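Summary of structural features
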Amino acid sequence: WKELYENQVYTLNRYFLDTGKLEPILTWKQGDILGVADNEKFYYWERSTCTIKSLDIGTLEKRTIAQNIFSQNLPQGAIKVTGIYDSHILFLVSDESYDGSTLFAIDLSSGLLSTLKMQCEDRKIGIFAEGPDYFAVNVGEKSIPVPDTAPDGTPMETMMSDLKMALIAKEDYWNNRENFIEIQDRITE
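Residues numbered from 1 in each chain as written. Predicted model: local features only at pLDDT ≥ 70, side-chain atom pairs only at ≥ 80, totals over all residues. Heavy atoms only, no water.

Right, let's talk about the pairing of strand S5 (residues 51-56) for a bit. With 6 of 6 residues buried, S5 is to be regarded as a mostly interior element. Where burial is concerned, the two faces of S5 agree: the one with Thr 51, Lys 53 and Leu 55 and the one with Ile 52, Ser 54 and Asp 56 are both buried. Following strand S4 (residues 41-46), the chain reverses through 4 residues before pairing antiparallel with S5; Cys 50 in that reversal takes a positive phi of roughly 55°. For S5 and strand S6 (residues 62-66), the ladder comprises 4 bridges, and the chain directions are antiparallel. In the sheet register, Ser 54 faces S6, and the bridge partner there is Arg 63. Hairpin connection of S5 to S6: 5 residues between the antiparallel strands, including Leu 60 at a positive phi of 65°. (Buried < 20%, exposed > 50% of the residue type's maximum accessible area, 1.4 Å probe, protein only. Helix = DSSP H or I, 4+ residues; strand = E, 2+ residues; numbered from the N terminus. Pairing = 2+ DSSP bridges.)

Once that is clear, we can look at the sheet that holds strand S7 (residues 79-85). The strand order across the open sheet built from 4 strands is S7-S8-S9-S10, with neighbouring strands paired in antiparallel fashion. What marks the edges here is a single partner per strand, and that holds for S7 and strand S10 (113-116). Adjacent strand axes in the sheet meet at a mean angle of 30° when their direction is disregarded. Here strand S8 (residues 88-94) runs beside strand S9 (residues 101-107); their pairing, made up of 7 bridges, is antiparallel. Among the inter-strand pairings, Leu 90 is bridged to a residue of S9, identified as Ala 105. (Axes fitted to C-alpha atoms, helices over the stretch in contact; angles between N-to-C directions.)

Printed below as a string of structure tokens:
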């Protein structure tokens with residue numbers, strides 16, 4: 001199974017609505033490229049060159065955004081793309097023992113790499129949703145009492161876990177400033 005997994009080949013195609021034509025524009029083997037599409041571009045980390053690149057799906061123009069990013073010796077699965085937000089691509093990189101991980105952001109305009117250090121309850125503060133000036137982020141969990149019925153029909157309460165959400169200004173998020181604005185959940189609280 002390991003050999004089959006490592007020999008998988010992926011192809012990024014573009015589809016022409018007017019003609020129904022499917023055109024392959026990028027092909028790679030498992031682990032050679034990690035990427036995500038956003039606004040008609042495919043942004044990716046290329047293992048062999050340790051570079052972050054973009055591919056314009058319409059024009060096929062390639063651009064190098066940053067060089068010498070991460071190590072090509074990282075084991076497969078140790079690095080994951082978690083998304084693109086506010087013109088930054090986020091990567092979660094596990095250490096060699098997979099006991100810990102670091103969240104990195106690469107500014108797609110400047111190519112600058114930064115480490116996102118905020119965390120709550122032993123997990124990274126990841127982005128849940130994006131607005132014009134703020135991100136919605138998960139800052140932990142909370143327990144909520146929910147009306148329930150015991151097996152004998154007696155009314156009771158059961159505790160349910162839910163996400164604790166907050167807003168944070170984009171500038172604060174990128175600069176590791178924990179200026180969270182708690183979101184009051186009137187439905188569950």
